[in-house]
Amino acid sequence: MDTITPDCRERAPGADHISIGRGALLAMAIAGGIAVANIYYNQPMLGIIEAEFPHQPITGMVPTATQLGYALGLFLMLPLGDIVNRRSMIIGQFAGLAAALALAALAPSAWMLVAASVIVGACSTVAQQIVPFAASLAAPEKRGATIGTVMAGVLSGILFSRTLSGFVGEHAGWRDMFWIGVPLALLGAGLMFAVLPHQRPTSTLRYHQAIRSLAELWNRHPALRAATVIQAFLFASFTAFWTILALYLAGPSFHLGADIAGLFGIVGAVGVFAAPFAGRIADRKGPHFVVWLGAALTIVAWLIFGLWASVVSLVIGVIVLDFGIQSALVSNQHIVYALDANARSRLNTVFMTGMFLGGAAGSALAMLAWGKGGWPMVSLLGILLGMAAFTVKFAHHRRHQPAAAGK
């Protein structure tokens, strides 16, 4: 397997990039997918988990707890990527993830499962240590394509995790799925041990200074604020769909199980191709147009879901939704990583924390909408979230049009 060029295994802070082989890039994509998959295993299995804990309504909070754990891990752990050896941290997080998955598999109650889910979510943020690491290793003119390649792996993990967990949950049980995640996490640690370079920290800040600098970065960069809020709204619409899908399919309109809900992950995998495609467009023409397109496609997808109740509409809508969300994500990351080369992990902290707080809110709001008005209310929620993202992009463009011209 390719690794980083041997005579460039360390770089000084502020250096632009070092060479990265295709094999190493592929390994980073695979590891990122393995990591992020863990925060979505529970969604197709939610009905099965609830059946085991029938008198513990807290079970419905498992997806939200995982998303909140991920957001917490992003905020507290991602800044370390700028101030410690990223390679050691990434390997260590994968080991912690394996332990957290074992804890979830052994959970004797819904409360313990919710607590374990928070830890699983926090440890799964290792995926977002890998993405800025890959960006730092890429030449500027190839940064979008590099981010797109790694994100394609991350997005594959997001989508195929549902297929895998839906099948395993239906035929073996939800605990078995978490046990399967343990060796997969250890595989991720092994891949990163094999290919990652020893990279010096890009900042001399202490941890508490790095945390405090997040607010400064937020205040300093309007583009960071806009990208974060836009992606939070879009990701909320994304998690709203996947949180409710299994419940919708199990209802009177379809009478389908968790394994079928999981199969929609394969359908949504078409959207994975959007990541490298969007990255290449962002390299050539700038990322802003792709963000506009992603928000518009999100609205279109939810219109399809709400106006056409059938399996065919779900298939078409999933493809459109995933293509829109993933295109906007890669393009917004391209915008964010270009703001400050020495603060990419902290910029990613702000961006991804905001995005996953949006995801947690989307899961919670979707459960509320489902209880109040079923699938039509969830579809209305998705449309409003897409419209909110489009509105924020429009307002930012109007306010900063001279600076954004030609991008």
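Basis of the calculations
Residues numbered from 1 in each chain as written. Predicted model: local features only at pLDDT ≥ 70, side-chain atom pairs only at ≥ 80, totals over all residues. Heavy atoms only, no water. Axes fitted to C-alpha atoms, helices over the stretch in contact; angles between N-to-C directions. Helix = DSSP H or I, 4+ residues; strand = E, 2+ residues; numbered from the N terminus. Parallel < 35°, antiparallel > 145°, perpendicular 65-115°, else oblique. Left-handed = near helix turned anticlockwise from the far one by under 90°. Contact = heavy atoms within 4.5 Å. Nonpolar A, V, L, I, M, F, W, Y, C, P; charged D, E, K, R; others polar. Patch = residues over 30% accessible without salt bridge, like charges linked within 9 Å, V, L, I, M, F, W, Y side chains within 5 Å. Areas by Shrake-Rupley, 256 points an atom, 1.4 Å probe, with all protein chains shown as cover. Salt bridge = Lys/Arg side-chain N within 4 Å of Asp/Glu carboxyl O. Expected span 1.5 Å × (residues − 1). Bend = angle between axes of the 7 residues up to and from the residue. Buried < 20%, exposed > 50% of the residue type's maximum accessible area, 1.4 Å probe, protein only. Phe/Tyr/Trp six-rings, centres within 6.5 Å; stacked < 30°, edge-to-face > 60°.

Asks: Can you help me understand the packing of helix H13 (residues 288–307) against helix H15 (residues 344–399) in this one?
Replies: Two measures define how a pair of helices packs: the angle their axes make with one another and the distance between the axes. Viewed as axis vectors pointing N to C, H13 and H15 meet at an angle of 160°, and their least axial separation amounts to 8 Å. By the angle between their axes, H13 is roughly antiparallel relative to H15. At the point where H13 passes H15, the crossing takes the left-handed sense. Listed contacts from H15 to His288, Val291, Trp292, Ala295, Ala296, Thr298, Ile299, Trp302, Leu303, Phe305 and Gly306 of H13 are Trp375, Val378, Ser379, Gly382, Ile383, Gly386, Met387, Ala389, Phe390, Lys393, Phe394 and His397. Among the residues forming the contact of H13 with H15, the class breakdown is 15 nonpolar, seven polar and one charged.

Asks: Looking at this structure, how should I read a nonpolar patch on the surface?
Replies: A cluster of nonpolar side chains, namely Leu303, Leu307, Trp308, Val312 and Ile316, defines an oily patch on the protein surface of about 490 Å² accessible area. Where the nonpolar patch is concerned, the elements lending two or more residues are H13 and helix H14 (311–337). With respect to the helices and strands, the residue Ile316 is situated in helix H14.

Asks: Can you walk me through helix H7 (residues 143–171) in this structure?
Replies: Helical geometry: 3.6 residues make up each α-helical turn, so side chains three or four residues apart lie on a common side. Given a rise of 1.5 Å per residue, 29 residues ought to cover 42 Å, and the 42 Å separating the end C-alpha atoms of H7 matches this to within 8%. The sharpest bend along H7 comes to roughly 30°, located at Phe160. Of all 29 residues in H7, 21 are buried; the element is thus mostly enclosed. Backbone geometry just downstream of H7 places Gly173 in the positive-phi region, at approximately 125°.

Asks: How should I be thinking about the packing of aromatic side chains in this particular structure?
Replies: Both the distance between ring centres and the angle between the ring planes are used here to describe each pair of aromatic rings. Under the defined criterion, the tally for this structure stands at 17 aromatic pairs. Arranged with centres 6.0 Å apart and planes meeting at 85°, the rings of Trp174 and Phe178 form a pair that is edge-to-face. Residue Trp174 and its partner Phe178 are both found in helix H8 (residues 174–195); the two are separated by four residues, about one turn of the helix. With respect to class, Trp174 is no different from Phe178; both count as buried. Measuring from ring centre to ring centre gives 5.1 Å for Trp302 and Phe305, while their planes differ by 80°; the resulting arrangement is edge-to-face. Of this pair, Trp302 and Phe305 both sit in helix H13, separated by three residues, roughly a single helical turn.

Asks: What am I meant to see in the side chain of Thr298 here?
Replies: For Thr298, the position within the fold is in helix H13. In contact with Thr298, not counting residues within four places along its chain, are Leu234, Ser237, Leu321, Gly324, Ile325 and Gly386.

Asks: Got a minute to help me understand the pattern of salt bridges in this structure?
Replies: Side-chain pairs of opposite charge can arise whenever the charged atoms involved come near each other. Scanning all chains against the criterion turns up three salt bridges. Residue Arg175 pairs with Glu52 through a salt bridge whose shortest N-O separation is 2.8 Å. Taken together, the residues span a long stretch of sequence, with Arg175 in helix H8 and Glu52 in helix H2 (residues 46–52) at a distance of 123 residues. A salt bridge links Arg220 to Asp340; the nearest nitrogen and oxygen atoms lie 3.8 Å apart. Of this pair, Arg220 sits in helix H9 (residues 207–220) while Asp340 sits in the loop between H14 and H15, and the two are 120 residues apart along the sequence. Accessibility expressed as a relative area gives 42% for Arg220, which makes it partly exposed. Taken together, the shared-partner salt bridges connect Glu216, Arg220 and Asp340 into one network.

Keep in mind these values describe shape, not function.
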